[in-house]
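Single-letter residue listing:
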Amino acid sequence: MALISRWKADFPVFTQSDQPLYYLDSAASSLVPKVVADASYQYLLNEHANSHRGFYPLSAQLTQRIEDIRAQVANFINAPSADNIIFNSGTTAGIHLVANGLNRLKSGSGNIVISAAEHHANLLPWQQIAENSDIELRVVPLAASGQVDMPMLERLIDDNTLIVAVTHLSNVLGVENPIASIGKLTRQHGAFLLVDGAQFAAHGKVNVQALGCDFYVFSGHKLYSGHGSGVLFASDVAIAELAPVVLGGGMVNSVSVSDSAWATGVRKFEAGTLNAQAIIALSAGLSYLKQAEAEGAHTYLAELTQFTLDKLSAFGGINIYSVQQSKPQSIISFNLERVHSHDVAMVLAEHHIAVRAGHHCAQPLHHCLGVGSTVRISLGLYNQAEDIEQLLVGLETCRQLFIAR
Amino acid sequence: MALISRWKADFPVFTQSDQPLYYLDSAASSLVPKVVADASYQYLLNEHANSHRGFYPLSAQLTQRIEDIRAQVANFINAPSADNIIFNSGTTAGIHLVANGLNRLKSGSGNIVISAAEHHANLLPWQQIAENSDIELRVVPLAASGQVDMPMLERLIDDNTLIVAVTHLSNVLGVENPIASIGKLTRQHGAFLLVDGAQFAAHGKVNVQALGCDFYVFSGHKLYSGHGSGVLFASDVAIAELAPVVLGGGMVNSVSVSDSAWATGVRKFEAGTLNAQAIIALSAGLSYLKQAEAEGAHTYLAELTQFTLDKLSAFGGINIYSVQQSKPQSIISFNLERVHSHDVAMVLAEHHIAVRAGHHCAQPLHHCLGVGSTVRISLGLYNQAEDIEQLLVGLETCRQLFIAR
Amino acid sequence: MSALYQQALLAHHQSPVGFNLDIKFDSAKSGHNPACGDEITVKVAVTDGVITDIAFEGDSCAICRASASIMCEQLKVTPFTQAKSIADKLIAGLESKENLSELLGDSYAPLNAVASFPIRAQCAQLPWQTFQLCFEELKP
Amino acid sequence: MSALYQQALLAHHQSPVGFNLDIKFDSAKSGHNPACGDEITVKVAVTDGVITDIAFEGDSCAICRASASIMCEQLKVTPFTQAKSIADKLIAGLESKENLSELLGDSYAPLNAVASFPIRAQCAQLPWQTFQLCFEELKP
Ligand SMILES: Cc1ncc(COP(=O)(O)O)c(C=O)c1O
Ligand SMILES: Cc1ncc(COP(=O)(O)O)c(C=O)c1O
């Protein structure tokens with residue numbers, strides 16, 4: 001089993017300086033392959049315009065291109081149509097649109113169900129609704145598997161549940177939730193299901209129809225596409241109940257000083273100038289990812305994750321919070337016993353290793369784990385056994401500096 | 001008077017194909033100079049990371065760089081401090097944060113004052129507040145000068161005015177409003193002043209302290225910086241009254257499932273992953289613009305605008321809606337008599353001329369003008385007399401096709 | 001000279017057929033294309049299932065006006081339901097970028113180029129969509 | 001070996017001075033660094049304007065712990081107001097990236113490197129900020 005990445009050479013950052021880089025923080029943001037940077041550069045140099053506005057070719061062709069990419073994105077997650085795809089700036093922005101735009105959440109009563117593993121982006125908006133109304137926020141605990149506790153979920157969802165909002169893949173534990181089962185349960189109670197796909201989208205095939213979700217959100221920058229793009233999938237039923245939240249140019253049919261009428265279709269959720277550069281980069285990133293998947297990326301990363309888990313277990317003195325799964329999902333959080341995660345991250349940084357330490361914007365989950373913070377490593381296409389070996393060297397230094405004497 | 005641009009060669013789009021390009025739509029989005037595209041490319045290839053999160057150099061250095069750019073932006077508009085600068089994705093997003101975050105707007109009574117010349121981004125959010133509460137939306141008409149009618153404004157502002165929201169430079173008329181006077185009036189009544197600087201920022205020196213405004217908003221993509229960046233300046237008093245609107249990672253101190261506490265400072269308004277690429281491009285764009293201004297850009301563009309106005313007047317059969325000003329501001333809207341603006345734009349497009357036709361997201365203003373739509377030309381650093389001469393050739397074709405027989 | 005504004009289209013624009021709302025009518029409807037700002041009113045008179053008169057007026061672009069002119073020219077003295085099916089075909093044909101003269105006959109040739117400009121296809125569709133509203137009102 | 005974690009700092013981390021909350025005290029305060037997750041409790045006993053005992057405890061990173069250890073070592077048997085002024089200087093010095101041993105003396109040298117890591121400076125400041133809370137409570 002040669003755990004050498006066939007994709008690493010696609011990423012110029014690794015050869016840009018004489019300093020090595022062991023990047024184990026793809027869950028924060030994945031690095032950008034040359035092909036994506038090139039598409040962005042090309043756009044900025046020769047194709048930049050304001051889309052959806054002009055009759056001249058630079059703008060009209062860009063409009064067409066963006067609408068084609070909408071179809072590509074729909075295809076990427078198996079959405080019924082491009083008319084279910086709303087472009088925005090990221091997962092946080094997408095959840096903001098749903099939490100503030102759904103009519104039923106303005107009723108002021110009922111309940112919202114989330115899990116204990118949610119990223120703050122999928123916690124705080126619901127928490128705020130609960131604070132400002134009689135809507136109750138119900139938090140489903142996790143089972144020993146790290147997944148949403150299904151019996152508990154069954155108990156907490158009822159016919160007054162307005163929406164269930166859960167992560168597809170935990171950004172701390174790397175555990176995948178049984179979304180299709182959750183979707184079935186949600187539908188039985190007439191609730192909407194929002195899935196935070198920020199982490200999963202890079203690691204598995206998404207099929208929003210099979211999942212049975214009403215909303216699916218993710219960010220381009222975790223999909224090898226650089227910053228600025230986000231996707232909100234909304235089913236037809238969901239769109240029918242969603243009011244625009246951000247208001248501005250390009251989303252109205254007619255406006256007078258006293259009254260306005262929204263445009264039809266998804267464009268009404270995209271007020272203001274669209275970030276065409278980010279959308280074009282997203283397109284290039286999705287194509288790149290799809291190609292890598294065809295070349296076996298998922299299997300490779302699962303193997304590399306397992307290799308990492310094995311090495312960390314063998315190292316000793318490490319608490320691993322990610323539960324062993326049949327298909328390990330590229331994210332592992334742990335602590336070196338008696339050493340603070342931030343100290344570990346600093347020492348690793350001195351070894352040119354990039355990891356994340358802290359609560360990873362999931363403080364409630366850390367509370368459940370009984371720790372204030374963890375060290376997280378997360379894998380991308382460029383990673384290989386060498387990165388993990390260097391990680392172990394770094395951890396050995398930590399041990400010597402902070403423990404062994 | 002040689003109206004030849006010394007900056008045109010900085011923009012690769014003009015030489016990328018054997019088709020000429022006469023770009024007269026900078027008010028929609030300005031083209032991107034090579035130096036800005038290079039900065040973005042460099043970032044994507046070698047510097048991409050998630051800022052404000054990691055301890056490793058790629059992330060920590062990026063954080064530092066973004067904070068340095070915050071100071072650069074503060075300097076660009078003469079803000080008291082970098083702590084008054086909130087990064088977001090554009091003008092539309094910036095106004096959204098204010099309209100939905102200001103505590104006083106939640107009181108449910110009082111009034112909001114805007115002008116009849118506002119872009120939908122600075123109209124729809126206030127309209128929505130008025131619809132959902134007892135707050136009254138007051139619209140100040142324009143004087144014959146095209147500016148906000150100051151005596152009317154004095155009559156409409158009162159001690160119940162919560163906020164006055166006006167554009168610094170109309171995106172249709174190219175007329176600059178007397179913001180400092182408006183600011184004085186606003187302060188007398190204890191109201192906040194929000195200035196939509198989307199158009200002005202590219203055309204004049206902004207000094208938020210001299211203007212006396214509480215909020216100043218603009219977009220990078222109208223400042224030669226490409227898509228994805230927006231700036232919301234907020235004064236200290238304004239920040240003290242502003243609650244976060246978009247909620248997510250990076251903006252909280254502590255979070256539990258029942259309660260959360262915001263971070264201090266502007267970071268609490270920047271939930272989610274920051275678009276570092278767009279911020280770096282903005283920095284390059286502002287530097288480029290500053291350099292061009294030092295080389296006489298403002299005077300050059302004022303001369304070119306006057307030249308254009310003279311040529312259009314001499315052409316005959318054209319209704320120009322932009323009023324003659326002492327310092328013409330690069331934006332001119334007009335109609336060719338008896339020809340629809342969209343037909344003009346199409347024929348001009350066939351002459352490789354990019355103009356905007358329609359209501360330019362300012363339908364109420366067009367209603368005041370008594371027309372459904374206009375043709376807008378707007379100038380950027382790359383424009384020169386040649387573009388205007390080609391425009392006249394195109395307009396002559398329009399005349400022959402649609403009128404002369 | 002112009003790919004879109006060919007002679008035949010301009011002829012309709014300059015001397016539009018049916019540009020006169022002062023007719024006796026059984027149904028009058030207005031249509032609006034927000035993207036373009038086009039506004040049009042269409043009036044139809046139907047006797048014994050046949051369109052006896054059809055006219056339009058409005059503030060609209062050349063494409064919309066030429067399309068309305070072709071409509072008035074073609075639909076007069078046409079069975080109402082047949083007219084409806086022509087309208088359906090034309091609207092769908094513009095959507096799917098078909099060649100209109102192949103689809104509907106040479107009289108529609110002036111609109112052929114419009115299909116290549118999706119942003120303007122709506123302008124050509126508007127009179128026909130407004131006619132459909134009349135049909136909805138009067139249909140048997 | 002490590003730019004930040006030098007021997008002197010690690011020595012404080014491994015054998016911290018005052019890491020024992022079981023003392024008689026006049027003020028006890030807790031501090032929290034949300035960025036880092038650090039939590040610390042500081043206790044101070046003051047008699048006749050002089051710190052007679054000072055101790056800390058908490059779940060914190062090595063920098064915070066070493067800084068707390070230096071604080072306990074340095075502030076014991078120090079006039080209370082003088083201790084407060086040392087805390088002020090140290091906090092400001094870390095903010096402005098000054099050399100702490102030049103500013104406050106060689107005993108503070110282990111923290112010199114921290115100033116180059118702005119993200120970690122907060123960790124070193126936390127014990128001193130918590131001490132300031134005690135001062136606020138007891139100050140004359
Ligand atoms: C005056 C004015 N305000 C607001 C906007 C909206 O800017 P953006 O689309 O970048 O959010 C624009 C540009 O479209 C504008 O010209
Ligand atoms: C599970 C999850 N949800 C939401 C987010 C927020 O994404 P973004 O910062 O791109 O809005 C992240 C990443 O930070 C995440 O991992």
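Calculation notes
Residues numbered from 1 in each chain as written. Chains lettered and ligands numbered in written order. Predicted model: local features only at pLDDT ≥ 70, side-chain atom pairs only at ≥ 80, totals over all residues. Heavy atoms only, no water. Least-squares fit on C-alpha atoms with pLDDT ≥ 70 in both. Contact = heavy atoms within 4.5 Å. Core = buried A, V, L, I, M, F, W, Y, C linked by side-chain atoms within 4.5 Å. Buried < 20%, exposed > 50% of the residue type's maximum accessible area, 1.4 Å probe, protein only. Buried area = accessible area lost by both parts, 1.4 Å probe. Polar contact = N/O pair within 3.5 Å; in protein donor to acceptor, adjacent residues only side chain to side chain. Nonpolar A, V, L, I, M, F, W, Y, C, P; charged D, E, K, R; others polar. Helix = DSSP H or I, 4+ residues; strand = E, 2+ residues; numbered from the N terminus. Salt bridge = Lys/Arg side-chain N within 4 Å of Asp/Glu carboxyl O. Phe/Tyr/Trp six-rings, centres within 6.5 Å; stacked < 30°, edge-to-face > 60°. Lys NZ or Arg CZ within 6 Å of the ring centre and 35° of its normal. Domains from an automatic or database assignment. Pairing = 2+ DSSP bridges. Axes fitted to C-alpha atoms, helices over the stretch in contact; angles between N-to-C directions. Near = heavy atom within 4 Å. Areas by Shrake-Rupley, 256 points an atom, 1.4 Å probe, with all protein chains shown as cover. Expected span 1.5 Å × (residues − 1). Parallel < 35°, antiparallel > 145°, perpendicular 65-115°, else oblique. Left-handed = near helix turned anticlockwise from the far one by under 90°.

Right, let's talk about the relation of the copies chain A and chain B for a bit. For the match of chain A to chain B, the screw axis carries a shift of 0.0 Å, the RMSD comes to 0.0 Å, and the turn is 180 degrees. Such a combination of turn and shift is consistent with a two-fold rotation axis. Comparing interface residues between copies, 100% of those in chain A also lie at the interface in chain B; the contact surface is shared.

So, on to the nonpolar core. In terms of nonpolar packing, the biggest core is built from 303 residues, with Leu 395 of chain A, Leu 395 of chain B, Tyr 5 of chain C together with Tyr 5 of chain D touching the most fellow members. Residue contacts for Tyr 5 of chain C: discarding those within four places in its chain leaves His 342, Asp 343, Met 346, Val 347, Leu 401 and Phe 402 of chain B together with Leu 10, Ala 62, Ile 63 and Arg 120 of chain C. Core analysis: the second largest hydrophobic core is formed by 75 residues, Leu 194, Ala 238 and Val 266 of chain A together with Ile 135 of chain B among them.

A word on the interface of chain A and chain C. Listed as interface residues are 4 residues of chain A and, on the opposing side, 4 residues of chain C. Both faces considered, chain A and chain C share a buried interface measuring about 370 Å² in area, 69% of it formed by carbon and sulfur atoms. Together, Phe 55, Gln 64 and Asn 253 of chain A form the three largest contributors to the area buried by chain A at its contact with chain C, with a combined 80%. The interface formed by chain A and chain C includes 0 residue pairs in polar contact (both at pLDDT 80 or more). Taken together, the residues of the side of chain A that touches chain C break down into 1 nonpolar, 3 polar and no charged.

Mapped onto the secondary structure, Glu 102 of chain D falls in helix H4 (residues 100–104). It is 32 Å that separates the C-alpha atoms of Glu 102 of chain D and Asp 26 of chain D, two residues lying 76 residues apart in sequence.

This part covers the pattern of salt bridges. Counted by the stated rule, this structure contains 32 salt bridges over all chains. With a shortest N-O distance of 3.0 Å, Arg 267 of chain B and Glu 270 of chain B are connected by a salt bridge. The same class applies to Arg 267 of chain B as to Glu 270 of chain B, namely buried. Put simply, Lys 29 of chain D and Glu 137 of chain D hold a salt bridge, and the shortest N to O gap is 3.6 Å. A residue pair is termed long-range when its members are at least 10 positions apart, and Lys 29 of chain D in strand E1 (residues 27–33) and Glu 137 of chain D in helix H5 (residues 118–138) qualify at 108 residues. Using a relative accessible area of 25% as the deciding quantity, one classes Lys 29 of chain D as partly exposed. Judged by its relative accessible area of 45%, Glu 137 of chain D is partly exposed. Put simply, Glu 67, Arg 70, Arg 267 and Glu 270 of chain A are held in one network by salt bridges that share partners.

The subject of this paragraph is the packing of aromatic side chains. A ring pair, where both rings are aromatic, is described by two values, the distance of the centres and the angle of the planes. Counting across every chain of the model gives 35 aromatic pairs over all chains. Between the aromatic rings of Phe 11 of chain B and Tyr 382 of chain B, the centroid separation amounts to 4.8 Å while the plane-to-plane angle is 85 degrees, which identifies the pairing as edge-to-face. Of this pair, Phe 11 of chain B sits in the segment before strand E1 (22–23) while Tyr 382 of chain B sits in the loop between strand E15 (374–378) and helix H13 (385–403); the two residues are 371 residues apart in sequence, bridging distant segments of the chain. Chaining the aromatic ring pairs together yields one cluster made of Phe 11, Phe 14, Tyr 23, Tyr 224, Tyr 288 and Tyr 382 of chain A together with Tyr 56 of chain B. The ring of Phe 14 of chain B has Lys 8 of chain B sitting right over it, with the charged end atom 4.7 Å from the ring centre. Lying over the aromatic face of Phe 192 of chain B, Arg 104 of chain B brings its terminal NZ or CZ to 3.8 Å of the ring centre.

Here the focus is the domain arrangement of chain A. Residues and elements named next belong to chain A. The domains assigned to chain A are domain 1 (8–24 + 296–402) and domain 2 (36–290). Computed over C-alpha atoms, the centres of domain 1 and domain 2 are 29 Å apart. Contact with domain 1, which involves 30 residues of that partner, is made by 27 residues of domain 2. Both faces combined, the contact of domain 1 with domain 2 buries some 2100 Å², and carbon together with sulfur accounts for 60% of it. Where domain 1 packs against domain 2, one counts 11 residue pairs in polar contact (both at pLDDT 80 or more).

To continue, consider the interface of chain A and chain B. Facing 82 residues of chain A, the contacting portion of chain B comprises 82 residues. Summing both partners gives a buried area of about 6500 Å² for chain A against chain B, and 64% of it is carried by carbon and sulfur. Contact with chain B buries area across many residues of chain A, yet Phe 55, Tyr 56 and His 227 of chain A alone supply 12% of it, more than any other trio. Inspection of the chain A/chain B interface yields 24 residue pairs in polar contact (both at pLDDT 80 or more). When residues of the side of chain A that touches chain B are assigned to their parent elements, the largest contribution, 9 residues, is made by helix H1 (residues 34–47) of chain A.

The next thing to look at is the sheet that holds strand E15 (residues 374–378) of chain A. Residues and elements named next belong to chain A. Spatially, E11-E12-E15-E14 is the arrangement adopted by the 4 strands of the open sheet, whose pairing is antiparallel. Sheet topology places strand E11 (318–320) and strand E14 (356–358) at the edges, where each strand pairs with a single neighbour. Averaged over all pairs of adjacent strands, the angle between their axes in this sheet comes to 30 degrees, without regard to strand direction. As defined by bridge partners, strand E12 (residues 331–336) adjoins E15 across 4 bridges and the pair is classed as antiparallel. Bridge pairing in E15 links Phe 334 to Val 375. Where helix H11 (residues 341–350) meets the sheet, its contacts fall on E12, E14 and E15, and the angle it forms with E14 comes to roughly 160 degrees.

Another point: the site of ligand 1. Among the 14 residues in the neighbourhood of ligand 1, the closest are listed as Thr 273 of chain A together with Thr 92, Asp 196, Ser 219 and Lys 222 of chain B. Residue neighbours of ligand 1 fall on chains A and B, so the site bridges chains. One of the side-chain nitrogen or oxygen atoms of Lys 222 of chain B is found 2.8 Å away from an oxygen atom of ligand 1. Burial of ligand 1 by the protein chains amounts to 95% of its free accessible area of 390 Å².

With that settled, the discussion passes to the site of ligand 2. Taken together, 14 residues surround ligand 2, and among them Thr 92, Asp 196, Ser 219 and Lys 222 of chain A together with Thr 273 of chain B come closest. Taken together, the residues near ligand 2 originate from chains A and B. Between Gln 199 of chain A and ligand 2, the recorded distance is 2.7 Å, taken from a side-chain N or O atom to an oxygen atom. Isolated, ligand 2 exposes 390 Å² of accessible area, and the fraction of that covered by the protein chains is 95%. Among the residues forming the shell around ligand 2, the class breakdown is 2 nonpolar, 10 polar and 2 charged.

This next bit is on the arrangement of the chains. The pair of protein chains exhibiting the most contacts, out of 5 pairs of chains in contact, is chains A and B. Between chain C and chain D there is no contact, and the shortest C-alpha to C-alpha distance separating them is 48 Å.

In this section: the sheet that holds strand E3 (residues 50–57) of chain D. Residue and element names in this part refer to chain D. The 3 strands are arranged E1-E2-E3 in an open sheet whose pairing can be described as antiparallel. Each edge of the sheet is formed by a strand with only one pairing partner; in this case those strands are E1 and E3. Each strand axis lies, on average, 20 degrees off the axis of its neighbour in the sheet, ignoring direction. Bridge count between E1 and strand E2 (residues 38–47): 7 bridges; the pairing is antiparallel.

The next thing to look at is helix H9 (residues 276–294) of chain A. Taking 1.5 Å per residue, 19 residues should reach 27 Å; H9 of chain A reaches 27 Å between its end C-alpha atoms and fits that length. A positive phi of about 95 degrees marks Gly 296 of chain A, the residue just after H9 of chain A.

Residues and elements named next belong to chain B. A positive phi angle is found at Ser 330, which is not glycine, with a value near 70 degrees. The backbone of His 352 shows a phi angle near 65 degrees, a positive value even though the residue is not glycine. Topologically, His 352 is positioned in the loop between helix H11 (341–350) and strand E13 (353–354). When its relative accessible area of 29% is taken as the criterion, His 352 is described as partly exposed.

What follows covers the packing of helix H3 (residues 80–95) of chain C against helix H5 (residues 118–138) of chain C. Residues and elements named next belong to chain C. Their axes nearest at 9 Å, the elements H3 and H5 cross at an angle of 150 degrees. Between H3 and H5, the angle is such that the two are roughly antiparallel. In terms of crossing hand, the pair formed by H3 and H5 is left-handed. Contacts from Phe 80, Thr 81, Ala 83, Lys 84, Ile 86, Ala 87, Asp 88, Leu 90, Ile 91, Leu 94 and Glu 95 of H3 reach H5 at Ala 121, Ala 124, Gln 125, Trp 128, Gln 129, Phe 131, Gln 132, Cys 134, Phe 135, Glu 136 and Leu 138.

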